[in-house]
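# Residue-level structural notes
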Amino acid sequence: MPPSTPLPALAGRRVRAAIVGIGAIGRGSHLPALQQLAAEGEAEVVAAVDIDATAVEAFCAESGVPHAYTDLERMLAEQRPDLVTICTPPTLHREQSVAALRAGAWVWCEKPPVPTLADYDAVQAEEGAAAGPYSSIVFQHRFGSGTRHVGRLLAEQALGRPLVAHCQTTWYRDTAYYAVPWRGRWQTEGGGPAMGHGIHQMDLLLDLLGPWSEVRAMAGRLVHDVETEDVSTALVRFESGAMATVVNSVLSPDEVSRIRIDCERATVELTHLYGHSNAHWHITPAPDVPGDLAAAWQDFGADVPSSHLAQLRELVASMRAGRRPRSSGADGRTSLELISALYKSAFTDTTVRRGEIGPGDPYYTALHGGAPGWAPATVAMRTATETGTGTGPGTHTGTGTGTGTNASAASNAGVPA
């Protein structure tokens, strides 16, 4: 449905922005990006929202934000921001995104976007018509000069056809990390490392290689006492015919984020951890590639690192032009669909094809799909009763937390997710 309270046009004025959730991501990434655009005359931060009144008031005092709130609906009504950035745990994203869209604001929501495809589609249904407002997802690894250069080379097939790829997010998270109550639980985090950690590299892989066609996966709970997995692997086939391996882990002391794409004429490799610049990209030409051509491939131009700021600049430009931004709509949904399919494949021991998870499929409304041994015990028991399958001995139990439109002070606390 279109927003009920259209906002004034943006021509000739700053974009009025509000931050929802003042945890590590809100403080360390969203606020600095907005402050930089404010220094350039493009934006102003008019409000912040969090359930912790003392914390949000201190945050606003420290950062020069004029209005502190503990109620999102009140902030939307009183401040009428043009842009709402959402930095809360994933279970809150749907309700908060819908509230902002209905108030006429554009949304920039941290990953994971929402816990399920059903939630994503519900948010998208609340977007405006041709000129917005739209809801976009923070996939900052898509942005920056390195990704732009490599994306152009691949799109033009300057390197030949992509053939083989590897996508790796192998990080390390200890038991203290999972002591935060909402982590490692389906209801509140949505999923494990495939959803909360590897989504950035998987999204970047899809952005570079285009639509995927099928996936076959495995998942394990090898170390941590969590509901979700702590490691997964997958084989992915793309519509182009290219094939990829995907590894997502929180069990790996030697941490790295890596994408490698072997094309007919060159190998492209990106190796980094939480963000990349031109220096993190390497192009290795095949032996028969002329030297001058190989040298041209190495020209990445001025270095613009991947960052929240790089994506926010493009988002604000889209807002001013009234056009759908990247990482929104179908473009923002593709990585969530692949992750949903990865879980379905791992938990059902089947190959899952793009487009098959929709209304009526249990993986459309829950990434665990009610699978015995993976779903929370109450869900698995209900599913078993409905299907007559039984839950099996490995069912993992756990509890969830309530949700609401207020922001959570626990949002993305500590190290990057």
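The structure this text deals with has already been given above.
Here goes a summary of the coordinates provided. No experiment lies behind these values; they were computed from the predicted model shown.

### Section: the overall build of the chain
- Within the chain, the regular secondary structure consists of 14 helices and 14 strands.
- Relative to its full complement of 417 residues, the chain shows a buried share of 56%.
- Of the contacts made within the chain by residues no fewer than 6 positions apart, 71% connect residues no fewer than 24 positions apart.
- For the chain, the computed accessible surface area is about 16,200 Å², with 54% contributed by carbon and sulfur atoms.

### A word on the pattern of salt bridges
- Following the criterion strictly, the structure yields 26 salt bridges and no others.
- The residue Arg-173 makes a salt bridge to Glu-255 at a minimum N-O spacing of 3.1 Å. Of this pair, Arg-173 sits in the loop between β7 (162-172) and α7 (186-189) while Glu-255 sits in strand β11 (residues 251-263), placing them 82 residues apart in sequence.
- Assessed through its relative accessible area of 27%, Glu-255 is described here as partly exposed.
- A salt bridge links Asp-361 to Lys-344; its shortest N-O distance comes to 2.6 Å. Here the residue Asp-361 occupies a position in the loop between β14 (352-353) and α13 (362-365), and Lys-344 occupies one in helix α12 (residues 329-348), the gap between them amounting to 17 residues. In terms of burial, Asp-361 and Lys-344 fall into one category: buried.

### A look at the sheet that holds strand β5 (residues 106-109)
- The strand order across the open sheet formed by six strands is β3-β2-β1-β4-β5-β6, and the pairing between neighbours is parallel. Lying at the two open borders of the sheet, with one neighbouring strand each, are β3 (67-69) and β6 (135-137). Strand after strand, the sheet turns through a mean of 25 degrees between neighbouring axes, direction not considered.
- Here four bridges tie strand β4 (residues 83-86) to β5, and the two strands are oriented parallel to one another. Its bridge partner lying in β5, Thr-85 is registered against Trp-108.

### Digging into the side chain of His-149
- Mapped onto the fold, His-149 is located in helix α6 (residues 145-155).
- The residues contacting His-149, other than those within four sequence positions of it, are Ile-283, Ala-296, Trp-297, Asp-299 and Phe-300.

### With respect to the pairing of β11
- Of the strand pairs in this sheet, β7 and β11 are connected by nine bridges, and their pairing is antiparallel. Residue Thr-170 lies in a different strand from β11, and its bridge partner there is Val-256.
- With six bridges joining them, β11 and strand β12 (residues 266-272) adopt antiparallel strand pairing. From the neighbouring strand, Arg-258 faces β12, where its bridge partner is Thr-271.
- If you look at the hairpin formed by β11 and β12, you'll find two residues sitting between the two strands.

### Topic: empty space enclosed by the protein
- Counting across every chain of the model gives three cavities of 30 Å³ or more.
- Taken as a whole, the largest cavity encloses approximately 80 Å³ of empty space.
- Forming the walls of the largest cavity are Ser-97, Cys-109, Pro-113, Val-114, Tyr-120, Val-123, Gln-124, Glu-127, Ser-135, Ile-137 and Gly-329.
- Within the residue set of the lining of the largest cavity, elements represented by two or more residues are α5 (117-124) and β6.
- Looking at the lining of the largest cavity element by element, the count peaks at three residues for α5.
- Looking at the lining of the largest cavity residue by residue, the classes come out as six nonpolar, four polar and one charged.

### Comments concerning the pairing of strand β2 (residues 43-49)
- The element β2 is extensively covered by neighbouring structure, given that six of its seven residues are classed as buried.
- Examined bridge by bridge, strand β1 (residues 15-20) and β2 share six bridges and lie parallel to one another. Along β2, the bridge assignment pairs Ile-19 with Ala-48.
- Chirality of the crossover, the property in question, places the unit of β1, helix α1 (residues 24-39) and β2 among those that are right-handed.
- The sheet contact formed by β2 and β3 spans three bridges and is parallel. By the bridge assignment for β3, Ala-47 is matched with His-67.
- Handedness of the crossover joining β2 and β3 through helix α2 (residues 53-63) is recorded here as right-handed.

Each value, and the rule that gives it
Residues numbered from 1 in each chain as written. Predicted model: local features only at pLDDT ≥ 70, side-chain atom pairs only at ≥ 80, totals over all residues. Heavy atoms only, no water. Helix = DSSP H or I, 4+ residues; strand = E, 2+ residues; numbered from the N terminus. Buried < 20%, exposed > 50% of the residue type's maximum accessible area, 1.4 Å probe, protein only. Contact = heavy atoms within 4.5 Å. Areas by Shrake-Rupley, 256 points an atom, 1.4 Å probe, with all protein chains shown as cover. Salt bridge = Lys/Arg side-chain N within 4 Å of Asp/Glu carboxyl O. Pairing = 2+ DSSP bridges. Axes fitted to C-alpha atoms, helices over the stretch in contact; angles between N-to-C directions. 1 Å grid on protein atoms, 1.4 Å probe; cavity = no way out; pocket = protein on both sides within 12 Å on 5 of 7 lines; lining within 4 Å. Points joined across faces, edges and corners; volume = space filled by probe spheres on them. Nonpolar A, V, L, I, M, F, W, Y, C, P; charged D, E, K, R; others polar. Right-handed = clockwise from strand over helix to strand, strands pointing away.

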